[in-house]
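# A closer look at the structure
So you can see what is in the structure, the chains are spelled out below.
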Amino acid sequence: SHVRRAVVTCFSAGCCERHGNRPVRYCKRCHVNHHSSEVGAAAETHLYQTSPPPINTRECGAEELVCTVSLCTPNENTPTESLARLVSMVFQWFHSTAYMMDDEVGSLVEKLKPQFVTKWLKTVCEVRFDVMVMCLLPKPVEFARVGGYWDKSCSTVTQLKEGLNRILCLIPYNVISQPLWECFMPEWLEAIRTEVPDNQLKEFREVLSKMFDIELCPLPFSMEEMFGFISCRFSGYPASVQEQALLWLHVLSELDIVVPLQLLIGMFSDGVNSLKELANQRKARASDLSGNTGARRVSVVSDPGRRGQHNTLSPFPSPFRSPFRSPLRCSPFKNLGHATGNCALDLDCDDDDMNLGCFILMFDLILKQMELQDDGVMLGLDSSLGKDIVSIINNVFQAPWGGSHTCQKDEKALECSLCQSSILCYQLGCELLERLTPREEIRLVVRHA
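Remember, it's a predicted structure, so these values are computed and weren't measured experimentally.

## Examining the sheet that holds strand β1 (residues 6–10)
Within the open sheet, the 3 strands sit side by side as β2-β1-β3. Their pairing is antiparallel. Every interior strand has two partners, whereas the edge strands, β2 (24–27) and β3 (48–50), have only one. Sheet twist, expressed as the average angle between the axes of neighbouring strands with direction ignored, equals 30°. Bridge count for β1 against β3 is 3 bridges, and the pairing is antiparallel. What sits directly across from Cys10, in β3, is Tyr48. Here helix α2 (residues 28–36) sits on the sheet in contact with β1, β2 and β3, set at roughly 110° to β2.

Set out below in structure tokens:
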């Protein structure tokens, strides 16, 4: 037979005698030849066990599914629950065998991975991409929580850290493709940002630094694609979406993970231009609806509830403190922003009030990355990167900042949130220029000569 897969195991004396008195496994064709040719009492004495139907067919019952999951050939009809359990367990197997000793057993296991297991996982990715993503999320569905840290009682921080380490163990085998990365990595950064206390954030430095290493590039795609799930949120999207991407960058920067300045500047340039373009589009639509413009302005200005709603959109409490230049370790961005998957994009939404907060974060992140990369003094205003930074500063000061003043005209008046945020934005812009143009530059040149 060309199909040599065994489907029957025969325990009858007639078959066992011909093969050293041992049970015999037959393929489908041999099974027919041996057991259909005999008649009468001889045929009735044969005791054989047939293999269960493949898991990816509708013939397999619920009880058989438990026993036949090692027989899973993934396709569109494979039950999601069974396939997700198996994929999750395979991921855990990679994690458990990642640190085996370099002996005969360890060498054999490592050979098995590229020869069989990774090929199977790539097949799953091709035919059931949804299952792969499901098993790589920080909080998968209940039936995908298999093995490892899911089998014991542990904190959320431990679950997130172990989950990232499990993904890290898959990266060397090219299991993590770029489409997969774009689907699950935003969920991980959002989970870390919202659920990890500041005093435990440093526990994620090692694993995230290995994932986002721009020199070793462990992922099987380019550096631009590695940060693509962040950069795509700056092109054509409003401030509410850009804010979320900025908060993810804040998490990475807080852990001293380097984001190339040129890439960062490109993201922020797209972001500022998008906010300006969206504001212009809203103004153009408002001018077209000239009959309703007057009523619309009155309703926004005179309705205290509407004003209060706008003020609560700003993610920066008063007084605002930079996460990198604050004496407080707690970040003002914690538990702010929008949960991934729950943000219904409304490009017509008037969220200009959030623009200034995004601009402050952009300036602050550039300064933080310049400190990490130690490129501030060497750039100068004449360098291409220096010119791009100056261009962003100019663009920010020309873009709509949004917000409204709430300053009170009395003797004990305090600066409102908009005033404080505006001052901080100018201060950060000035600090950027100072880093590009160091003091006593002539003296530095003389010493160098």
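## Some words on the environment of Lys139
Inspection of the secondary structure assignment puts Lys139 in the loop between α7 (129–136) and α8 (156–170). Sequence spacing of Lys139 and Ala191 is 52 residues, and the spatial spacing of their C-alpha atoms is 8.9 Å. When near neighbours in sequence (up to four residues on either side) are disregarded, Lys139 contacts Arg145 and Glu195. Among the polar contacts made by the side chain of Lys139, one reaches the side chain of Glu195 at a distance of 2.8 Å.

## Overview of the pattern of salt bridges
Any two side chains of opposite charge can pair, so long as their charged atoms come close to each other. Counted according to the given criterion, the structure contains 9 salt bridges. One network of salt bridges, with partners in common, ties together Arg205, Asp256 and Lys368.

## Re the nonpolar core
The biggest cluster of nonpolar side chains holds 97 residues, and the ones touching the most others in it are Trp181, Met185, Leu208, Met211, Phe212 and Phe268. Element by element, the count of residues in this core is highest for helix α17 (residues 355–373), at 11 residues. Every residue in contact with Trp181, bar those within four places of it in the chain, is listed here: Ile176, Pro186, Met211, Phe212, Leu219, Phe221, Glu225, Met226 and Phe229.

## Some words on the environment of Met354
As for its position among the elements, Met354 is in the loop between α16 (304–313) and α17. The class for Met354 is buried, based on a relative accessible area of 4%. With 116 residues separating them in the primary sequence, Met354 and Pro238 have C-alpha atoms 9.0 Å apart.

## Examining the packing of aromatic side chains
Applying the stated criterion across every chain, the model contains 14 aromatic pairs. Aromatic pair Phe229 and Trp248: ring centres 6.2 Å apart, planes at 45°, arrangement tilted. Here Trp248 lies in helix α13 (residues 239–254) and Phe229 lies in helix α12 (residues 228–231), a separation of 19 residues in the sequence. Take Trp248: its relative accessible area is 0%, and that puts it in the buried class. Taken together, Trp181, Phe184, Phe212, Phe221, Phe227, Phe229 and Trp248 form an aromatic cluster joined through their ring pairs. Here Lys113 stacks its cationic end above the ring of Trp93, 5.6 Å away from the centre of that ring.

## Quick notes on the packing of α7 against helix α9 (residues 178–195)
Here α7 crosses α9 at 30°, and the two axes come no closer than 9 Å. One finds that α7 runs roughly parallel with respect to α9. Here α7 runs over α9; the crossing is right-handed. Counted together, Phe129, Met132, Val133 and Leu136 of α7 and Pro179, Leu180, Cys183, Phe184 and Trp188 of α9 form the full contact between these two elements. Its residues placed into classes, the contact of α7 with α9 shows 9 nonpolar, no polar and no charged.

Rules used in this analysis
Residues numbered from 1 in each chain as written. Predicted model: local features only at pLDDT ≥ 70, side-chain atom pairs only at ≥ 80, totals over all residues. Heavy atoms only, no water. Pairing = 2+ DSSP bridges. Helix = DSSP H or I, 4+ residues; strand = E, 2+ residues; numbered from the N terminus. Axes fitted to C-alpha atoms, helices over the stretch in contact; angles between N-to-C directions. Contact = heavy atoms within 4.5 Å. Polar contact = N/O pair within 3.5 Å; in protein donor to acceptor, adjacent residues only side chain to side chain. Salt bridge = Lys/Arg side-chain N within 4 Å of Asp/Glu carboxyl O. Core = buried A, V, L, I, M, F, W, Y, C linked by side-chain atoms within 4.5 Å. Buried < 20%, exposed > 50% of the residue type's maximum accessible area, 1.4 Å probe, protein only. Phe/Tyr/Trp six-rings, centres within 6.5 Å; stacked < 30°, edge-to-face > 60°. Lys NZ or Arg CZ within 6 Å of the ring centre and 35° of its normal. Parallel < 35°, antiparallel > 145°, perpendicular 65-115°, else oblique. Left-handed = near helix turned anticlockwise from the far one by under 90°. Nonpolar A, V, L, I, M, F, W, Y, C, P; charged D, E, K, R; others polar.

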